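Given next are the chains, with one letter for each unit.
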Amino acid sequence: MDIEKYIASGILELYVAGLLSEEENLEVHANVQNHPEIKAEVEAIEASILEVTRKLSPGLSNTGFDAIKSDIEKVIPIAPKEKSTKPWASYLGWAASLIFALGLIWMYLENDKLKSEIEITNQQKQTLEEQIIEAREEVAGTSTMLEELRDKNVTVVSLGGQAASPTSFAKAYWNTEEQKVYIDAQGLPEPPPGFTYQVWSLKLNPLTPTSVGLLADFSDNTARIFELPNNNDTEAFGITLEPEGGSESPTLEQLYTLGAVAS
């Protein structure tokens, strides 16, 4: 048990105030018996309440009651009665003070609860602001990318599925002026653990593959758009599934997509 955290939770104040359920009371009582630190804290809380009630007790005087009694007798005659030996006024004062002290404890606990809620709200607000900033940056990046893809120097190449994955597809946006290619890999399945996709620039006659690069961090790239350099004299693009880190030459048995550049 983290005794400091248990003491700071406020349950001991509720225990002293008698506001816990029977089950909770038994649990706290057992902890008081087993842990001297908790017992000392309970005794300190009880002493504080007694001190507060002592200071707040009204200490009504007999002359005050005599004056009230005199005013009442002017309206309703009260038969003389044997003087009570019980200090009811003192009891009432102590009771009122105890209720007031319990109210202070309740307000203290509610104040701590409110502070916690405010802190949580501030954290949520900060998180939301960060998400808004990230969304704006993503929108700005997407707008910039769209402008680049629509550039007049961009050649669009459709890559169809091959025997290794007939349902796969992709697109290559090759900017010959800036010598880079964007690969839209939305139509490729998630690569299995230990493997990655590798993009190849192909010369067809004779077949000469040159690695353009890897589609790294595939799972984290939700847009599935990858920018790679390409200064090759490309006649076709192909994408193969290769071991992590890539291969020197393409594994043709794992050729997922292939597409020729329009002449």
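Residues numbered from 1 in each chain as written. Predicted model: local features only at pLDDT ≥ 70, side-chain atom pairs only at ≥ 80, totals over all residues. Heavy atoms only, no water.

### Things to note about the overall build of the protein chain
Item 1. When helices and strands are tallied, the protein chain shows 6 helices and 8 strands.
Item 2. Across the 263 residues of the protein chain, 27% fall into the buried class.
Item 3. Long-range contacts, defined here as pairs at least 24 residues apart, represent 61% of the contacts in the protein chain between residues at least 6 apart.
Item 4. Within the structure as shown, the protein chain displays about 18,000 Å² of accessible surface, and the carbon and sulfur contribution to it stands at 56%. (Helix = DSSP H or I, 4+ residues; strand = E, 2+ residues; numbered from the N terminus. Buried < 20%, exposed > 50% of the residue type's maximum accessible area, 1.4 Å probe, protein only. Contact = heavy atoms within 4.5 Å. Areas by Shrake-Rupley, 256 points an atom, 1.4 Å probe, with all protein chains shown as cover.)

### Side note on a nonpolar patch on the surface
Item 1. A surface patch of nonpolar side chains, amounting to about 340 Å² of accessible area, comprises Leu104, Trp106 and Met107.
Item 2. The class of Leu104 is partly exposed, set by a relative accessible area of 39%. (Patch = residues over 30% accessible without salt bridge, like charges linked within 9 Å, V, L, I, M, F, W, Y side chains within 5 Å. Salt bridge = Lys/Arg side-chain N within 4 Å of Asp/Glu carboxyl O.)

### So, the pairing of strand β2 (residues 165-175)
Item 1. As defined by bridge partners, strand β1 (residues 154-162) adjoins β2 across 8 bridges and the pair is classed as antiparallel. Paired with Ser158 across the bridge in β2 is Lys171.
Item 2. The loop that links β1 with its antiparallel partner β2 comprises 2 residues.
Item 3. The pairing of β2 with strand β3 (residues 180-184) spans 5 bridges and is classified as antiparallel. Directly across from Ala172, in β3, lies its bridge partner Ile183. (Pairing = 2+ DSSP bridges.)

### Some details on the environment of Gly161
Item 1. Considering the arrangement of structural elements, one finds Gly161 in strand β1.
Item 2. The partly exposed category is assigned to Gly161, whose relative accessible area is 30%.
Item 3. Between the alpha carbons of Gly161 and Tyr256 there is a distance of 5.7 Å; along the sequence they are 95 residues apart.
Item 4. Discounting chain neighbours no more than four positions away, the residues touching Gly161 are Pro166, Ser168, Tyr256 and Thr257.

### A word on the pairing of strand β6 (residues 225-229)
Item 1. Residues Phe226 and Leu228 point to one face of β6 and are all buried, whereas Ile225, Glu227 and Pro229, pointing to the other face, are not buried.
Item 2. For β3 and β6, the ladder comprises 5 bridges, and the chain directions are antiparallel. When the sheet's bridge partners are listed, Lys180 is paired in β6 with Pro229.

### Structural notes on the packing of aromatic side chains
Item 1. Here the structure, examined in full by the defined rule, presents 4 aromatic pairs.
Item 2. The interplanar angle of 85° and the centroid separation of 5.9 Å between the aromatic rings of Trp174 and Phe237 together place this pair among those described as edge-to-face. Of this pair, Trp174 sits in strand β2 while Phe237 sits in strand β7 (residues 236-243), placing them 63 residues apart in sequence.
Item 3. A residue is classified by how much of its surface remains accessible, and Trp174, at 9% relative accessible area, is buried.
Item 4. Residue classification places Phe237 among the buried residues on the basis of a relative accessible area of 0%.
Item 5. Aromatic ring contacts, followed pair by pair, group Tyr197, Phe218, Phe226 and Tyr256 into a single cluster. (Phe/Tyr/Trp six-rings, centres within 6.5 Å; stacked < 30°, edge-to-face > 60°.)

### Considering the confidence of the model for the protein chain
Item 1. Looking at the protein chain, the pLDDT average stands at 79 and 71% of residues meet or exceed 70.
Item 2. Within the protein chain, helix α5 (residues 62-75) has the poorest average pLDDT of any element, 54, and β7 the best, 97. (pLDDT = per-residue confidence, 0-100.)

### Brief notes about the side chain of Lys180
Item 1. Relative to the helices and strands, Lys180 is located in strand β3.
Item 2. A polar contact is formed between the side chain of Lys180 and the side chain of Glu178, at a distance of 3.0 Å. (Polar contact = N/O pair within 3.5 Å; in protein donor to acceptor, adjacent residues only side chain to side chain.)

### Considering helix α3 (residues 22-34)
Item 1. Taking 1.5 Å as the rise per residue, α3 with 13 residues should run 18 Å; its terminal C-alpha atoms sit 18 Å apart, in good agreement.
Item 2. Among the residues of α3, those classed as buried are Val28, Asn31 and Val32. Here the buried residues of α3 occupy an arc of 105° about the axis, which is enough to place them on one side. Turned more than 90 degrees from where α3 packs its buried face, Glu22, Glu23, Leu26, Gln33 and Asn34 sit exposed. (Expected span 1.5 Å × (residues − 1). Arc of directions from axis to C-beta.)

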